[in-house]
2 protein chains.
Amino acid sequence: MSYVLGIDGGGSKTVCVLMDDLRQVLGRGEAGPSNYQSIGIEATLQSIQSAIHNAVEAAIITNTVNIDAICLGLSGVGRVTDIEVVKGLVKELQNNKLRINWVLKPANIVICNDALIALVGGIGHPVGIVVAAGTGSIVFGRDHEGQTKRVGGWGYILGDEGSAYKIAIAGMNAALKSYDGREIPTSLVDGFKQHLGLETIEDLIEVIYRREWGVKQIAALAPIVDFAAASGDIVANIIIDDAVKELVKATSTVIDAIFSADSVLEVVTTGGVWRGRCNIHERFAASLVKKFPNVNVIFPRYEPAYGAGLLALQTTQN
Amino acid sequence: MSYVLGIDGGGSKTVCVLMDDLRQVLGRGEAGPSNYQSIGIEATLQSIQSAIHNAVEAAIITNTVNIDAICLGLSGVGRVTDIEVVKGLVKELQNNKLRINWVLKPANIVICNDALIALVGGIGHPVGIVVAAGTGSIVFGRDHEGQTKRVGGWGYILGDEGSAYKIAIAGMNAALKSYDGREIPTSLVDGFKQHLGLETIEDLIEVIYRREWGVKQIAALAPIVDFAAASGDIVANIIIDDAVKELVKATSTVIDAIFSADSVLEVVTTGGVWRGRCNIHERFAASLVKKFPNVNVIFPRYEPAYGAGLLALQTTQN
């Protein structure tokens, strides 16, 4: 019996699944972050090893496990130098036997970015488009020939349109413009004041600049905009509609690049933005289907680590 | 003979002018930064003391100088707690005699933010509006009764519409959208590549996130957008027009709040954004005058420290 490993490595955690050749998950393990650009190679290796160990331990297998293929989908990995670094990591992994018998040929090692594994996991096969809108945003597609197209993913300073970060920033900007008298009144002013315990909306300055909040803390304020929009606030709904417009535009660009206007196609949405109460998912789907009638917008069928497992499995079946 | 001091304290330097009761500048001195929220009280006191010392030394006065009034216009100062801190600073200043004979009554100490002294210096008297668009942006007005209105000034994360920072960010965002295929072609792509020595525009990521650039370094890229706009680039001109629209909106909000639509009024523009080659100043003036026909848009007549001097002088003449 032989198995593959699918690994999803990100900034907050690492997930590993142990999969058999019938696509069944026999074990699943989690560990700490594995974005080596921030935490370094050694800590990343540690996290990946722990996630693999936990996945293998979770499987009800008493013998040594043969691993035929591995796929690592890591956030921020894309450039040639990144891939070389991760190849080095995979070599290190193989020195550690645990209960694993590594039988990897070079063709059975897949290193890719986290968008591809989210696409493959989300849809269940490697053709379609993933529209990721969490703290950041990116749209990534892959066609039947394996051609890929990425739009966005430029980060919170240069891009990330439609992300939770950008929605939160737009919400605070609108609240302050309303306070200035530049914008019509909006419940966002009270929304931010209440949520953050501010005496006046001017104290946003204190919160955002002096507490040295990071991107994640700011992105976590997006639900205030979502809630206001769900409650009918006009200004908040304009922000949500702008986010939808940006995500539709980015998705359309991917369709135009590697599919065609009448392609039968699945588009999977991943990330916290889609779980809002203000029907952002429905708005996005309606707007996209209007332009591309054969597109089906879905929520993820499986998690990204499962997608990594499928990509690893694929290398054993060619 | 008695004199006043006008002090302009900011994040990069401190300027002091020594002024007589005929509004003549007898001496001018510069020193290091004095934004106490970043550099601390001790270093701020040091900078202000040096600037005063340099101004007094530059004046051709051999005797001790009587100082009747002082005005400190400091960036980031506005809240009550800030003013208390600066009052403490002024007390410390008076312990240091140098060649100064301090004869200050409490009414002769003016502590205000940098927008007010820019307004008073820029126009030459304390009624009108200042539209500051440098690294950041703020619009600030004061009417004949001394009523003030501020719009904007919320900083690079929450606001600063029309600032050099926002123009630079919009330029990079548009270049990356064009590269993605989401936006029409623009010379901004080559503009940023050439200026920053990038092989591909994707390397903006490297520059902006990994070199850990600050707000000032990013704002310094605004001239790339200005140059492209001056050369006729459509995308760059949309960015400049958006900036103009935001600055006109903010200025209109101040006019509506404390003046009226037919007020005879001077609006002074300060900051690096206005010195571009793409006629941003003319675009702003044309758009504003169309809405408010009796408004006159000018460049600064005097520097902010001079404005501080005028405000100090005013306290001695009441």
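Since the structure is predicted, the reported quantities are computational estimates derived from the model, not experimental observations. (Residues numbered from 1 in each chain as written. Chains lettered and ligands numbered in written order. Predicted model: local features only at pLDDT ≥ 70, side-chain atom pairs only at ≥ 80, totals over all residues. Heavy atoms only, no water.)

Some words on the overall build of chain A
Thinking step 1. Summing up its helical and strand segments, chain A has 13 helices and 11 strands in all.
Thinking step 2. By principal-axis analysis of the C-alpha atoms, chain A measures approximately 70 × 50 × 35 Å.
Thinking step 3. For chain A, with 318 residues in total, the buried portion stands at 54%.
Thinking step 4. Long-range pairs, those at least 24 residues apart, make up 67% of the contacts in chain A between residues at least 6 apart in sequence.
Thinking step 5. With an accessible surface of roughly 13,700 Å², chain A has 51% of that area assigned to carbon and sulfur atoms.
Thinking step 6. For chain A, the distance from the average site of its 27 positive side-chain charges to the average site of its 33 negative ones is 3 Å. (Helix = DSSP H or I, 4+ residues; strand = E, 2+ residues; numbered from the N terminus. Buried < 20%, exposed > 50% of the residue type's maximum accessible area, 1.4 Å probe, protein only. Contact = heavy atoms within 4.5 Å. Areas by Shrake-Rupley, 256 points an atom, 1.4 Å probe, with all protein chains shown as cover. Lys, Arg positive; Asp, Glu negative; His and termini not counted. Charge placed at Lys NZ, Arg CZ, Asp CG, Glu CD.)

Side note on the pairing of strand β1 (residues 2–9) of chain A
A regular strand carries its side chains on alternate faces of the sheet.
Residue and element names in this part refer to chain A.
Thinking step 1. With seven of eight residues buried, β1 is to be regarded as a mostly interior element.
Thinking step 2. For β1 and strand β4 (residues 65–74), the ladder comprises eight bridges, and the chain directions are parallel. Among the inter-strand pairings, Ile7 is bridged to a residue of β4, identified as Leu72.
Thinking step 3. Relative to strand β2 (residues 14–20), β1 runs antiparallel, the two sharing seven bridges. Within the sheet, the bridge partner assigned to Leu5 lies in β2 and is Leu18. (Pairing = 2+ DSSP bridges.)

Concerning the sheet that holds strand β7 (residues 128–133) of chain B
Residues and elements named next belong to chain B.
Thinking step 1. One open sheet accounts for five strands, arranged β9-β8-β7-β10-β11; its pairing is mixed. Since the sheet does not close on itself, it has two edges, and those belong to β9 (148–152) and β11 (295–298), each with one partner. Geometrically, the sheet is characterised by an average inter-axis angle of 15° between neighbouring strands, direction not taken into account.
Thinking step 2. Taken strand by strand, helix α4 (residues 114–123) contacts β7, β8 (137–142), β10 (265–270) and β11, and its axis lies near 115° from that of β7.
Thinking step 3. Lying over the sheet, helix α11 (residues 234–258) contacts β7, β8, β9, β10 and β11, oriented at roughly 160° with respect to β9. (Axes fitted to C-alpha atoms, helices over the stretch in contact; angles between N-to-C directions.)

Section: a nonpolar patch on the surface
Residue and element names in this part refer to chain A.
Thinking step 1. A cluster of nonpolar side chains, contributed by Ile184, Ile234 and Ile238, occupies part of the molecular surface with about 280 Å² of accessible area.
Thinking step 2. Within the element layout of this structure, Ile234 appears in helix α11 (residues 234–258).
Thinking step 3. Classification of Ile234 by relative accessible area gives exposed; the value is 54%. (Patch = residues over 30% accessible without salt bridge, like charges linked within 9 Å, V, L, I, M, F, W, Y side chains within 5 Å. Salt bridge = Lys/Arg side-chain N within 4 Å of Asp/Glu carboxyl O.)

Description of the relation of the copies chain A and chain B
Both copies of the chain are related through a single rotation about an axis accompanied by a shift along the same axis.
Thinking step 1. Once chain A has been moved 0.0 Å along the axis and rotated by 180°, it coincides with chain B to within an RMSD of 0.0 Å. As the rotation angle and translation indicate, the two copies are arranged about a two-fold axis. If distances are taken from each C-alpha of chain A to the rotation axis, the shortest is found for Ile157 of chain A, at 4.7 Å.
Thinking step 2. The overlap is high: 100% of the interface residues of chain A also sit at the interface in chain B, so the same surface is used on both sides. (Least-squares fit on C-alpha atoms with pLDDT ≥ 70 in both.)

Some remarks on the sheet that holds strand β7 (residues 128–133) of chain A
Residue and element names in this part refer to chain A.
Thinking step 1. The mixed open sheet is built from five strands, whose spatial order is β9-β8-β7-β10-β11. Edge positions in the sheet fall to β9 (148–152) and β11 (295–298), since each has one partner strand and no second. Sheet twist, expressed as the average angle between the axes of neighbouring strands with direction ignored, equals 15°.
Thinking step 2. Sheet analysis places strand β10 (residues 265–270) next to β11, joined by four bridges and oriented parallel.

Brief notes about the interface of chain A and chain B
Thinking step 1. Contacts between the two partners involve 36 residues from chain A, matched on the other side by 36 residues from chain B.
Thinking step 2. For the pair chain A and chain B, the summed buried surface comes to about 3,000 Å²; carbon and sulfur atoms form 54% of the total.
Thinking step 3. Taken as a group, Trp154, Leu158 and Arg182 of chain A account for 29% of the area that chain A buries against chain B, more than any other trio of residues on that side.
Thinking step 4. Inspection of the region where chain A meets chain B yields four salt bridges.
Thinking step 5. The closest approach of N and O atoms between Glu246 of chain A and Lys177 of chain B, which form a salt bridge, is 3.0 Å.
Thinking step 6. Inspection of the region where chain A meets chain B yields 24 residue pairs in polar contact (both at pLDDT 80 or more).
Thinking step 7. At the level of secondary structure, the elements contributing two or more residues to the side of chain A that touches chain B comprise β9, α5 (155–158), α6 (164–180), α8 (204–210) and α11 of chain A.
Thinking step 8. Considering each element in turn, the side of chain A that touches chain B owes the most residues, eight residues, to α6 of chain A. (Buried area = accessible area lost by both parts, 1.4 Å probe. Polar contact = N/O pair within 3.5 Å; in protein donor to acceptor, adjacent residues only side chain to side chain.)

Details of the domain arrangement of chain A
Residue and element names in this part refer to chain A.
Thinking step 1. Per the domain assignment, the segments making up chain A are domain 1 (3–124 + 302–317) and domain 2 (126–300).
Thinking step 2. Relative to domain 2, the C-alpha centre of domain 1 lies at a distance of 30 Å.
Thinking step 3. Each partner contributes residues to the interface: domain 1 has 11 residues there, and domain 2 has 14 residues.
Thinking step 4. Buried area between domain 1 and domain 2, summed over both chains or domains, comes out near 970 Å², and the portion from carbon and sulfur atoms is 74%.
Thinking step 5. Its largest share of buried area at the contact with domain 2, domain 1 owes to Ala115, Leu119 and Ile123, together 48% of the area lost on that side.
Thinking step 6. Inspection of the domain 1/domain 2 interface yields zero salt bridges.
Thinking step 7. Among the elements that take part in the side of domain 1 that touches domain 2, helix α4 (residues 114–123) stands out by supplying seven residues, more than any other. (Domains from an automatic or database assignment.)

Thoughts on the packing of α6 of chain A against α11 of chain A
Residue and element names in this part refer to chain A.
Thinking step 1. Where α6 meets α11, the axes come as close as 10 Å, and the angle between the chain directions of the two elements is 150°. At the point where α6 passes α11, the crossing takes the right-handed sense. Here α6 contributes Ile167, Ala170, Gly171 and Ala174 to the contact with α11, which in turn contributes Val235, Ile239, Ile240 and Ala243.
Thinking step 2. For the contact of α6 with α11, the class distribution of residues is seven nonpolar, one polar and no charged. (Left-handed = near helix turned anticlockwise from the far one by under 90°. Nonpolar A, V, L, I, M, F, W, Y, C, P; charged D, E, K, R; others polar.)

Concerning unusual backbone geometry
Thinking step 1. At Arg23 of chain A, a residue that is not glycine, the phi angle is positive and equals roughly 70°.
Thinking step 2. Topologically, Arg23 of chain A is positioned in the loop between β2 and β3 (25–31).

Side note on the packing of aromatic side chains
Thinking step 1. Inspection of every chain in the model, using the stated rule, returns 10 aromatic pairs over all chains.
Thinking step 2. Where Tyr156 of chain A meets Tyr209 of chain B, the ring centres are 5.7 Å apart and the plane angle is 50°; that geometry is what we call tilted. With Tyr156 of chain A in helix α5 and Tyr209 of chain B in helix α8 (residues 204–210), this pair bridges two chains.
Thinking step 3. Owing to a relative accessible area of 22%, Tyr209 of chain B belongs among the partly exposed residues under this scheme.
Thinking step 4. Between Tyr156 of chain B and Tyr165 of chain B, the aromatic rings sit 5.4 Å apart at their centres with planes inclined by 80°, giving edge-to-face as the arrangement.
Thinking step 5. Residue classification places Tyr165 of chain B among the buried residues on the basis of a relative accessible area of 7%.
Thinking step 6. Ring pairing ties together the aromatic residues Tyr156 and Tyr165 of chain A together with Tyr209 of chain B, which thus form one cluster.
Thinking step 7. Positioned over the ring face of Trp154 of chain A is Arg150 of chain A, at 4.3 Å from the centre of the ring. (Phe/Tyr/Trp six-rings, centres within 6.5 Å; stacked < 30°, edge-to-face > 60°. Lys NZ or Arg CZ within 6 Å of the ring centre and 35° of its normal.)

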